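Structural description and commentary
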Amino acid sequence: MKLVFLGPPGAGKGTQAAFIAEAAKIPTISTGAMLREAIANKTELGKTAEAYTSKGELVPDEVVIGIVKDRLTEADCKNGYILDGFPRTVAQAQALDDMLPDAIDVALSLEVPDEAIIERLTGRRECKNCKATFHIKNNPSAKGDVCDKCGGELIQRADDSLETIQNRMSVYHAQTEPIKDYYKDCGKLKCVNGVGSVEEIKAALFSALGLSEAL
């Protein structure tokens, strides 16, 4: 099974991809995680990427495509994979198909309205020390404005500010959402409601993919 996960930033793709990966025994390939690692390590790629991500903009295609191409050649991808965060433009989707014509079996789109995304992301908090994540409404720390795991200060990440999120949503609607039409035309698109509890969304995704907990 070769999946690409679509949906706006904060839709819960990472959480749900982990469930699917475990059930189907395939790796999740998150370009976001790879880029964040590069940024944290201050690599040349990371410095280039940070100039875009800090403003909520997309990293240039040539940077991301190179990363993905190398990753898909690794041994753990031979039985399938989940792409999370790529492709993010129709040009990237076309480049992926040109690079690997059988790269995608299903394009899975989590459908979440903008107002729900803004509430989710602006409410996120991260521990400055241990990096544990919380939400001021849905998953608050038992200790208020400090981490209940290590006592560290809880902060809002720069990319979770309202201005940055609104910019990210504008970029998503203009550049990424058209991918749904691309994969619909290919007969590969499946849309699932991304509003609800984690378990409810998981059940809907598993049903759409024909997966079961027993796998």
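None of these values were measured; they are calculated from a predicted model.

1. Section: the packing of aromatic side chains
Evaluated as defined, the whole model comprises 1 aromatic pair. Between the aromatic rings of Y182 and Y183, the centroid separation amounts to 5.2 Å while the plane-to-plane angle is 80°, which identifies the pairing as edge-to-face. The two residues Y182 and Y183 agree in class, both being buried. Between the NZ or CZ atom of K202 and the centre of the ring of F19, over which it lies, the distance is 4.5 Å.

2. A word on the pattern of salt bridges
Should their charged atoms come close, side chains of opposite charge can pair. Going through the model one piece at a time under the given rule, you end up with 9 salt bridges. In this structure, E153 engages K128 in a salt bridge whose closest nitrogen and oxygen atoms are separated by 3.9 Å. Separated by 25 residues along the polypeptide, E153 in the loop between β6 (133-135) and β7 (154-155) and K128 in the loop between β5 (124-127) and β6 bring together distant segments of the chain. Since its relative accessible area comes to 44%, E153 is described here as partly exposed.

3. A closer look at the sheet that holds β6
Strand order in the open sheet formed by 3 strands is β6-β5-β7, with antiparallel pairing between adjacent strands. On the outer flanks of this sheet lie β6 and β7, each paired with one strand and no other. In terms of strand pairing, β5 meets β7 through 2 bridges, oriented antiparallel. In the strand pairing of β7, C127 is matched with L154.

4. Remarks on the UniProt feature "binding site: AMP" (unreviewed entry) in the chain
The sites that carry the UniProt feature "binding site: AMP" (unreviewed entry) are, in the present numbering, T31, R36, E57, L58, V59, G85, F86, P87, R88, Q92, R157 and R168. Taking the farthest pair of C-alpha atoms as the criterion, the annotated set spanning 138 residues is dispersed, since that pair is 27.3 Å apart. Within the secondary structure, E57 is located in the loop between α3 (44-53) and α4 (61-72). Judged by relative accessible area, E57 falls into the partly exposed class, the value being 34%. Discounting chain neighbours no more than four positions away, the residues touching E57 are Y52 and N167. Locating R157 in the fold gives a position in the loop between β7 and α7 (162-176).

5. Considerations on the side chain of S141
Note that S141 resides in the loop between β6 and β7. Since its relative accessible area comes to 9%, S141 is described here as buried. Of note is the side chain of S141, whose polar atom sits 3.1 Å from the backbone nitrogen of D148. Non-local contacts of S141, meaning those with residues more than four positions away in its chain, are made with F134, V146, C147, D148 and L154.

6. Brief notes about the pairing of strand β1 (residues 2-6)
The buried count for β1 comes to 5 of 5 residues, which makes it a mostly enclosed element. Looking at chain direction, β1 and strand β3 (residues 81-84) are connected through 4 bridges and run parallel. Opposite K2, over in β3, you have Y81 as the bridge partner. The sheet contact formed by β1 and strand β4 (residues 106-111) spans 4 bridges and is parallel. Within β4, the position partnered with V4 by the bridge is A107.

Calculation notes
Residues numbered from 1 in each chain as written. Predicted model: local features only at pLDDT ≥ 70, side-chain atom pairs only at ≥ 80, totals over all residues. Heavy atoms only, no water. Phe/Tyr/Trp six-rings, centres within 6.5 Å; stacked < 30°, edge-to-face > 60°. Buried < 20%, exposed > 50% of the residue type's maximum accessible area, 1.4 Å probe, protein only. Lys NZ or Arg CZ within 6 Å of the ring centre and 35° of its normal. Salt bridge = Lys/Arg side-chain N within 4 Å of Asp/Glu carboxyl O. Helix = DSSP H or I, 4+ residues; strand = E, 2+ residues; numbered from the N terminus. Pairing = 2+ DSSP bridges. UniProt positions renumbered as here; feature names shortened; annotations may be inferred. Contact = heavy atoms within 4.5 Å. Polar contact = N/O pair within 3.5 Å; in protein donor to acceptor, adjacent residues only side chain to side chain.

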